[in-house]
Amino acid sequence: MHYQPQRDLLQNRIILVTGASDGIGREAAMTYAQYGADVVLLGRNEQKLRDVAHAIHQQGYSQPRWFILDFSSATPEQCQELADHIAAEVPRLDGVLHNAGALGEVRPMIEQTPESWLDVMQVNVNATFFLTQALIPLLLKSDSGSLVFTSSSVGRQGRAGWGAYAVSKFATEGMMQVLAEEYVHRNLRVNCINPGGTRTAMRANAFPSEDPNKLKTPRDLMPLYLWLMGDDSRRKTGMTFDAQPNRKPGISE
Ligand code: NDP
């Protein structure tokens with residue numbers, strides 16, 4: 001995407017990023033801070049979150065708040081409690097990037113273990129939904145809220161071997177579409193990003209033999225991540241966007 005945002009694109013915006021401890025989420029949190037946002041970091045690993053918060057502060061931006069939530073065990077009550085804690089610290093949320101995700105097992109459906117299936121659904125769908133429900137009141141306090149889910153190409157077209165992960169990403173697209181319609185007359189837009197194959201730990205797990213140097217880095221994707229959080233995308237809702245529109249799905253040869 002050729003998008004050149006103003007440096008103050010996200011000034012006065014408060015944006016929460018899930019899975020902010022690593023990979024694409026870490027980069028998105030750093031980038032949103034660089035463009036003026038107050039970021040709220042969410043993750044399950046305290047040390048990694050502290051490091052990201054420190055790195056943002058070291059670059060001269062305001063110290064991010066961070067909160068711990070393990071999506072593998074998150075309940076609706078815990079998500080509400082977390083939302084209450086956040087509401088005690090910030091007046092509203094202008095953006096939520098749902099980025100945390102679990103890959104599960106890359107193997108045929110018949111070999112998917114129930115434990116892994118349930119964990120992927122819990123992380124990618126259930127906890128994401130519980131948290132969304134809890135955070136929507138804070139998003140509705142913004143004059144232009146942006147709720148962004150993270151999808152995948154296997155969440156639009158099923159592909160052999162992608163099991164629970166693919167099914168969870170179809171569910172993610174569905175959740176986005178339902179919510180987008182429900183808030184179409186409010187100041188809340190709801191969209192999905194499909195990052196496309198990106199150089200992260202998750203990708204390396206999925207394709208251990210792939211040369212990571214052939215992949216885009218999280219930083220390369222940031223124009224779309226910025227655009228969806230800033231005012232330039234204000235009229236877009238119910239859509240799914242590719243961060244790498246011309247990329248063919250699958251392994252990079
Ligand atoms: P990473 O594995 O690098 O990062 C995943 C993030 O999610 C980490 O912050 C991780 O935390 C967090 N996370 C995982 N499980 C849990 C959990 N149980 N509770 C809380 N947080 C959790 O992956 P990517 O950056 O590659 O993935 C980001 C998103 O992009 C995912 O939704 C993924 O499905 C999607 N995506 C990625 C693609 C790629 O090629 N990389 C392609 C298409 C979609 P921790 O640091 O503690 O592990």
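These numbers come from a predicted model, not from an experiment.

Parameters at a glance
- Residues numbered from 1 in each chain as written.
- Predicted model: local features only at pLDDT ≥ 70, side-chain atom pairs only at ≥ 80, totals over all residues.
- Heavy atoms only, no water.
- Helix = DSSP H or I, 4+ residues; strand = E, 2+ residues; numbered from the N terminus.
- Rg over C-alpha atoms; globule rule 2.2 N^0.38 Å.
- Buried < 20%, exposed > 50% of the residue type's maximum accessible area, 1.4 Å probe, protein only.
- Contact = heavy atoms within 4.5 Å.
- Areas by Shrake-Rupley, 256 points an atom, 1.4 Å probe, with all protein chains shown as cover.
- Lys, Arg positive; Asp, Glu negative; His and termini not counted.
- Charge placed at Lys NZ, Arg CZ, Asp CG, Glu CD.
- Salt bridge = Lys/Arg side-chain N within 4 Å of Asp/Glu carboxyl O.
- Near = heavy atom within 4 Å.
- Polar contact = N/O pair within 3.5 Å; in protein donor to acceptor, adjacent residues only side chain to side chain.
- UniProt positions renumbered as here; feature names shortened; annotations may be inferred.
- Expected span 1.5 Å × (residues − 1).
- Arc of directions from axis to C-beta.
- Core = buried A, V, L, I, M, F, W, Y, C linked by side-chain atoms within 4.5 Å.
- Phe/Tyr/Trp six-rings, centres within 6.5 Å; stacked < 30°, edge-to-face > 60°.

K.L.:
Could you give an account of the overall build of the chain, naming the residues involved and the relevant values?
P.N.:
Within the chain, the secondary structure is distributed over 7 helices and 7 strands. A compact globule built from 253 residues should have a C-alpha radius of gyration of about 18 Å, and the chain, at 17 Å, falls within 12% of that. Overall size of the chain, expressed as C-alpha extent along the three principal axes, is 45 × 40 × 40 Å. For the chain, the residues scored as buried account for 52% of the 253 residues in total. Within the chain, counting contacts between residues at least 6 apart in sequence, those at least 24 apart form 74% of the total. For the chain, the computed accessible surface area is about 12200 Å², with 48% contributed by carbon and sulfur atoms. Here the chain contributes 25 positively and 27 negatively charged side chains, and the mean placements of these two sets differ by 6 Å.

K.L.:
I'd love a proper account of the pattern of salt bridges, names of residues and values included.
P.N.:
Counted by the stated rule, this structure contains 10 salt bridges. Note that Glu46 is salt-bridged to Arg50, the shortest N-O span being 2.8 Å. Residue Glu46 and its partner Arg50 are located together in helix H2 (residues 46-58), separated by 4 residues, close to a single helical turn. The closest approach of N and O atoms between Arg156 and Glu173, which form a salt bridge, is 3.7 Å. With Arg156 in the loop between strand E5 (145-150) and helix H5 (163-182) and Glu173 in helix H5, this residue pair connects regions lying 17 residues apart in the sequence. By relative accessible area, Arg156 is classed as partly exposed at 32%. By sharing partners, the salt bridges in this structure join Arg156, Glu173 and Asp242 into a single network.

K.L.:
So what's going on with the site of the ligand? Residues and values would help.
P.N.:
By nearness alone, 28 residues border the ligand, and Ser21, Arg44, Lys48, Tyr165 and Thr200 come closest of all. Between Ser21 and the ligand, the recorded distance is 2.6 Å, taken from a side-chain N or O atom to an oxygen atom. The separation between an oxygen atom of the ligand and a polar side-chain atom of Arg44 is 2.8 Å. Contact with the protein chains covers 92% of the free accessible surface of the ligand, which is 890 Å². The set of elements that each furnish at least two residues to the shell around the ligand consists of helix H1 (23-34), H5 and helix H6 (201-206).

K.L.:
Describe the UniProt feature "domain: Ketoreductase" (unreviewed entry) in the chain, naming the residues involved and giving the relevant values.
P.N.:
Under the UniProt annotation, "domain: Ketoreductase" (unreviewed entry) lies at residues 13-199. This span, residues 13-199, is 45% helix and 17% strand, and a straight line between its end C-alpha atoms measures 28 Å.

K.L.:
Quick one: what's the story with helix H3 (residues 76-89), residue by residue and with numbers?
P.N.:
With 14 residues, H3 extends 20 Å from end C-alpha to end C-alpha; this agrees with the ideal 20 Å at 1.5 Å per step. Where H3 is concerned, the buried positions are Cys79, Leu82, Ala83 and Ile86. End-on, the buried residues of H3 take up no more than an arc of 100°, which puts them together on one face. In this structure, H3 carries Glu77 and Ala88 as exposed residues pointing more than 90 degrees from its buried face. Where H3 is buried, its residues meet strand E1 (14-18), strand E2 (38-43), strand E3 (65-68) and helix H4 (114-139).

K.L.:
Talk me through the nonpolar core; I want residue IDs and the actual numbers.
P.N.:
Membership of the largest hydrophobic core comes to 35 residues, with the highest contact counts inside it found for Leu93 and Leu135. At 9 residues, the largest contribution of residues to this core is made by H4. Once residues within four sequence positions are removed from consideration, Leu93 is found in contact with Ile14, Leu16, Val40, Leu135, Leu138, Leu139 and Ser142. Counting residues in hydrophobic clusters, the runner-up holds 34 residues, among them Val39, Ala53, Tyr225 and Leu226.

K.L.:
Break down the packing of aromatic side chains for me, citing the residues and quoting the values.
P.N.:
In total, this model carries 4 aromatic pairs according to the counting rule given. Residues Phe129 and Phe130 carry aromatic rings whose centres are separated by 6.0 Å and whose planes lie at 55° to one another, so their mutual orientation is tilted. With relative accessibility at 18%, the residue Phe130 sits in the buried group. Here the aromatic rings of Trp227 and Phe241 are separated by 5.3 Å at their centres, their planes lie at 75°, and the arrangement is edge-to-face. Residue Trp227 is found in helix H7 (residues 218-229), and its partner Phe241 is found in strand E7 (residues 240-242); the two are separated by 14 residues along the sequence. The same class applies to Trp227 as to Phe241, namely buried.

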